[in-house]
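# Analysis of the macromolecular model
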Amino acid sequence: MTLPALGWSDRFVPHFSPYRAAGYVPARVVQEHRGRYQVYCETGEYSGEVSGKFRHLATSPRSFPAVGDWVALAFASPDGIASSSDRHAIIHAVLPRQSEFVRKAAGSKTEEQVIAANVDTVFLMTGLDHDFNLRRVERYLMLAWDSGARPVIVLNKADLCPNLGDRLAELEEVAFGVPIVAISALHGEGIDALVSYLQPGYTVALLGSSGVGKSTLTNSLLAHAAQATQAVRADDSRGRHTTTGRSLCLLSSGALLLDTPGMRELQPWATEDSLSQTFEDVEALATQCRFRDCRHEQEPGCAVQGAIASGTLDPKRLASYQKLQGELAYLERRQDQQAQLAEKQRWKQIHKQLRNHPKLRQ
Ligand SMILES: Nc1nc2c(ncn2[C@@H]2O[C@H](COP(=O)(O)OP(=O)(O)OP(=O)(O)O)[C@@H](O)[C@H]2O)c(=O)[nH]1
Ligand SMILES: [Zn+2]
């Protein structure tokens with residue numbers, strides 16, 4: 001496979017040039033399992049792990065490669081002689097990510113884990129059945145803004161929806177220009193509208209609650225992929241079915257689909273930036289409130305309550321905003337507590353060292 005077919009773009013070139021000079025090759029992570037990685041580069045698929053130096057210098061779990069990452073690779077063989085015919089390789093660096101999806105453990109930055117990297121477009125899937133929920137769409141939009149990937153709202157199960165027009169109108173109120181595509185994954189309807197996001201070398205991922213139709217859509221996108229997988233297999237000298245069981249798959253259109261259990265389980269968390277981006281209407285109104293610290297409850301001159309009274313803002317949207325703001329504040333408090341605890345531990349350690357210091361001991 002060529003690098004552009006794997007999703008390489010000019011944006012990575014300057015970041016990679018020092019590694020190229022040192023003799024490394026660029027490769028993309030297509031699978032991760034307990035510190036072992038499957039990667040693709042121009043000469044095929046390799047199995048790899050990070051170098052000892054990498055491990056030593058890594059400051060957090062976030063530093064480690066994730067599916068979708070571009071890495072600097074060196075070929076290795078057991079006797080230490082570099083050779084590209086050997087299928088083992090060492091990862092020496094992770095290139096800066098264009099986007100990343102992070103699993104956040106409540107209140108602990110150190111436990112944050114990257115579960116997908118360099119996704120160009122994320123399909124936020126919502127069902128047009130009982131799953132339809134504007135508040136959930138808001139949360140997924142926040143997650144998307146936070147990741148750096150471009151969101152597209154995909155409304156699935158259009159076949160079950162008698163009032164699509166109403167649904168679309170409701171959604172537009174929270175989507176602020178994010179494209180909305182209605183499909184029926186089961187019946188293969190409307191999929192054509194997704195094609196423009198499935199350009200060769202583009203990486204897409206699906207997010208949405210369980211049962212929304214992610215697998216159904218994936219299967220329909222993969223359905224005609226036989227030829228493409230052939231091309232990938234031809235690159236593998238051992239003729240293994242290299243695309244099966246991979247978290248990054250080549251679609252017939254030439255786009256890459258990133259699908260991992262981690263992505264499927266991803267829960268939206270609020271961050272300051274994503275909150276502002278998702279609720280720019282509420283925040284714009286808030287700047288018009290008479291009091292700067294207006295809580296948008298009973299205060300006089302509250303522009304937010306004014307908008308609700310005049311029917312231009314849905315009160316449920318304000319409630320959603322305030323709920324997420326509360327969640328954000330909770331997370332920040334937890335993080336502060338953790339930081340304080342870590343600081344306390346550090347001083348304990350220092351005191352202990354001082355106590356045991358030979359010159360200071362009586
Ligand atoms: N009527 C209708 N049913 C659909 C459509 N797409 C998916 N389904 C059905 O919805 C159910 C769940 O679909 P899945 O594709 O398994 O959903 P998922 O998002 O992958 O679910 P998880 O694997 O739990 O995350 C299945 O019974 C599908 O047949 C659709 O467009 N219309
Ligand atoms: Zn106000």
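Going by the structure above, here's the rest.
Below is a summary of the structure that appears in this document. None of the values given here were measured: they were computed from a predicted structure. As a convention, each chain's residues are numbered from 1 in the sequence order in which they are written. To label them, take the chains in the order written and letter them from A, then take the ligands in the order written and number them from 1. Reporting in this predicted model follows two pLDDT cut-offs: at least 70 for local features of residues, and 80 or more for side-chain atom pairs to be given and counted; totals over whole chains, interfaces and linings ignore these cut-offs and use all residues. For the side-chain quantities, the full set of heavy atoms in the structure was used; hydrogens and water were omitted.

## Digging into the site of ligand 1
Counted only if it meets this: By convention in these notes, a residue is near a molecule or strand provided one of its non-hydrogen atoms lies within 4 Å of it. Only the protein chains shown count as cover for residues, and all accessible areas are computed by the Shrake-Rupley method using a 1.4 Å probe. Numbering of helices and strands starts at the N terminus; helices are DSSP runs of H or I of at least 4 residues and strands are runs of E of at least 2. Any residue that is not Ala, Val, Leu, Ile, Met, Phe, Trp, Tyr, Cys, Pro, Asp, Glu, Lys or Arg is counted as polar, Gly included; the first ten are nonpolar and the last four charged.
The immediate surroundings of ligand 1 are formed by 16 residues, with Asp159, Ser210, Lys214, Ser215 and Thr216 found nearest. Out of a free accessible area of 660 Å², ligand 1 has 70% covered by protein chains. Sorting elements by how many residues they give to the shell around ligand 1 places helix 5 (residues 214–222) first, with three residues. When grouped by side-chain class, the residues that make up the shell around ligand 1 number four nonpolar, eight polar and four charged.

## Description of the sheet that holds strand 12 (residues 248–250)
One key point about sheets: their strands pair by backbone hydrogen bonds, in either a parallel or an antiparallel sense. Applicable threshold: When DSSP finds two or more bridges between two strands, those strands count as paired. Fitting a line to C-alpha atoms yields each axis, with helices limited to the stretch in contact; the angle taken between N-to-C directions then spans 0 to 180 degrees. Two residues qualify as a contact provided that any one of their heavy atoms is within 4.5 Å of a heavy atom in the partner residue.
Across the sheet, which stays open at both edges, the six strands sit in the order 10-9-8-11-13-12 with mixed pairing between neighbours. In this open sheet, the two strands that pair with only one neighbour each are strand 10 (180–182) and strand 12. Averaged over neighbouring strand pairs, the angle between their axes works out to 30° when direction is ignored. Strand direction decides the pairing type here: strand 12 and strand 13 (residues 256–258), joined by three bridges, are antiparallel. The partner of leucine 250 across the bridge, within strand 13, is leucine 256. Helix-sheet contacts for helix 5 involve strand 8 (121–127), strand 11 (203–207), strand 12 and strand 13, and the interaxial angle to strand 11 is about 155°.

## Here we look at a negative patch on the surface
To keep it simple, the criterion reads: Within this analysis, patches are made of residues with over 30% relative accessible area and no salt bridge. Like charges are joined at 9 Å or less; nonpolar side chains (Val, Leu, Ile, Met, Phe, Trp, Tyr) at 5 Å or less. The term salt bridge refers to a side-chain nitrogen of Lys or Arg lying within 4 Å of a carboxyl oxygen of Asp or Glu. In this tally Asp and Glu are treated as negative and Lys and Arg as positive; neither His nor the chain ends contributes. In this description, the location of a charge corresponds to atom NZ of lysine, CZ of arginine, CG of aspartate or CD of glutamate.
Taken together, the side chains of Glu272, Asp273, Glu332 and Asp336 present a region of like negative charge at the surface. Listed by contribution, the elements that provide at least two residues to the negative patch are helix 8 (272–278) and helix 11 (315–356). Tracing the backbone shows glutamate 272 in helix 8.

## Describing unusual backbone geometry
Note the cut-off: Relative accessibility thresholds used throughout: buried, under 20% of the residue-type maximum; exposed, over 50%; partly exposed, between the two (1.4 Å probe, protein chains only).
Here the phi dihedral of asparagine 118 falls at roughly 55°; this positive angle occurs in a residue that is not glycine. The topology assignment puts asparagine 118 in the loop between strand 7 (108–117) and strand 8. Residues other than glycine seldom take positive phi values, yet histidine 296 does so here, at roughly 60°. Looking at the secondary structure, you find histidine 296 in the loop between helix 9 (280–286) and helix 10 (303–309). You can call histidine 296 buried: its relative accessible area is 10%.

## Notes on the sheet that holds strand 5 (residues 88–94)
The strand order around the closed barrel built from five strands is 1-2-3-5-4, with neighbouring strands paired in mixed fashion. Ignoring strand direction, the axes of neighbouring strands in this sheet form an average angle of 50°. As judged from the six bridges shared by strand 4 (residues 70–76) and strand 5, these two strands associate in the antiparallel manner. Residue pairing for strand 5: leucine 73 is matched across the bridge by isoleucine 91.

## Here we look at helix 11
We count it as follows: By definition here, a helix of n residues has an expected span of 1.5 Å times n minus one. Polar contact criterion, stated in full: a pair of N or O atoms within 3.5 Å, where within protein one must be able to donate a hydrogen and the other to accept it, and residues adjacent in sequence count only if both atoms are side-chain atoms.
For helix 11, with 42 residues, the first-to-last C-alpha span of 62 Å sits near the 62 Å given by 1.5 Å per residue. In this structure, the buried side of helix 11 is in contact with helix 3 (134–147), helix 4 (164–175), helix 8, helix 9 and helix 10. Among the residues of helix 11, the N-terminal cap falls to aspartate 314, whose side-chain oxygen and the backbone nitrogen of lysine 316 are separated by 2.9 Å.

## Brief notes about the packing of helix 3 against helix 11
Axis angle and axis distance: for two packed helices, these are the angle between their axes and the distance between the axes, and together they describe the pair. This is how the line gets drawn: Here is the rule for angles: anything less than 35 degrees is roughly parallel, anything more than 145 is roughly antiparallel, 65 through 115 is roughly perpendicular, and the remaining ranges are oblique. Left-handed is the label given to a crossing in which the near helix is rotated counterclockwise from the far helix by less than a right angle, and right-handed is the label when the rotation is clockwise.
Two numbers describe how helix 3 lies on helix 11: the axes approach to 10 Å, and their chain directions differ by 45°. Judged by the angle between their axes, helix 3 and helix 11 are oblique. As helix 3 packs across helix 11, the resulting crossing turns out to be right-handed. Seen from helix 3, the contacting residues are Arg135, Glu138, Arg139 and Met142; seen from helix 11, they are Lys316, Arg317, Ser320, Lys323, Leu324 and Glu327.

## Regarding the coordination of the zinc ion (ligand 2)
The reference angle at a metal is 109.5 degrees if four donors form a tetrahedron and 90 or 180 degrees if six donors form an octahedron. Stated formally: Counted as coordinating are nitrogen, oxygen and sulfur atoms within 2.8 Å of the metal, or 3.2 Å for Na, K and Ca, while water is not included, which may make sites look incomplete. Any site counts as irregular unless it has four donors with all angles between 85 and 135 degrees, making it tetrahedral, or four or six donors with opposite ones more than 155 degrees apart and the rest between 65 and 115, making it square planar or octahedral.
Around the zinc ion (ligand 2), the protein supplies Cys289 (SG), Cys294 (SG), His296 (ND1) and Cys302 (SG) as donor atoms, at distances of 2.1 to 2.4 Å. Coordination at the zinc ion (ligand 2) is tetrahedral: its four donor atoms span angles of 103 to 116° at the metal. Going along the chain, you hit the donors of the zinc ion (ligand 2) in the pattern C-x4-C-x1-H-x5-C. In this pair, cysteine 289 sits in the loop between helix 9 and helix 10 while cysteine 302 sits in the loop between helix 9 and helix 10, placing the two residues 13 residues apart along the sequence. Grouping residues by exposure puts cysteine 289 and cysteine 302 together as buried.

## Overview of the packing of aromatic side chains
Stated precisely, the cut-off is as follows: A pair of aromatic rings is counted whenever rings of Phe, Tyr or Trp (Trp by its six-membered ring) have centres within 6.5 Å, and the orientation is called stacked for planes under 30 degrees apart, edge-to-face for over 60 and tilted otherwise.
Considering all chains together, one arrives at 10 aromatic pairs under this definition. Their ring planes at 90° and their centres at 5.9 Å tell us that tryptophan 8 and phenylalanine 16 sit as a pair that is edge-to-face. Like phenylalanine 16, tryptophan 8 is buried. When the ring of tyrosine 46 is compared with that of phenylalanine 75, the centres are 4.7 Å apart and the planes differ by 40°; the resulting orientation is tilted. Here tyrosine 46, found in strand 3 (residues 44–50), pairs with phenylalanine 75, found in strand 4; they are 29 residues apart in sequence, far enough to count as distant. The pair tyrosine 46 / phenylalanine 75 is uniform in exposure class, with both members buried.

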